[in-house]
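Fold and geometry: a report
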Amino acid sequence: MFDLEVENIQAGRTWTVAHATTHPTATRLTRDYPGAGVYILNLRQQPLEQIAWLETAVTAARTLGDRRREGIVLSNLGI
């Protein structure tokens with residue numbers, strides 16, 4: 001299923017990142033994208049792409065003041 005939807009997933013994430021600074025829902029989605037598909041993303045994404053997704057998620061979590069999620073994402077980034 002992931003292979004069939006990868007373009008839509010990437011387009012959705014691109015939209016959320018582009019609007020994360022001006023739209024609170026986009027900020028939350030940017031924070032949540034890496035965690036929503038963590039198992040399949042670990043299998044299908046290249047490491048540099050995973051890092052980019054996680055870095056934007058950290059920024060979004062910090063913007064939202066979500067220390068719990070920030071810690072989770074930083075942990076995943078460390079792995």
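Refer to the structure above for everything that follows.
Residues numbered from 1 in each chain as written. Predicted model: local features only at pLDDT ≥ 70, side-chain atom pairs only at ≥ 80, totals over all residues. Heavy atoms only, no water.

1. Concerning the environment of V73
Secondary-structure assignment places V73 in helix α5 (residues 67–78). Apart from the residues lying within four places of it in its own chain, the contact partners of V73 are L54, A57 and V58. (Helix = DSSP H or I, 4+ residues; strand = E, 2+ residues; numbered from the N terminus. Contact = heavy atoms within 4.5 Å.)

2. Observations concerning the environment of L43
With respect to the helices and strands, L43 occurs in helix α3 (residues 38–44). Residue L43 is classed as exposed on the basis of its relative accessible area of 70%. (Buried < 20%, exposed > 50% of the residue type's maximum accessible area, 1.4 Å probe, protein only.)

3. What to know about the packing of aromatic side chains
This structure, assessed with the given rule, holds one aromatic pair. When the ring of Y33 is compared with that of W53, the centres are 5.9 Å apart and the planes differ by 85°; the resulting orientation is edge-to-face. Note that Y33 is positioned in helix α2 (residues 24–36) and W53 in helix α4 (residues 47–64), a separation of 20 residues in sequence. (Phe/Tyr/Trp six-rings, centres within 6.5 Å; stacked < 30°, edge-to-face > 60°.)

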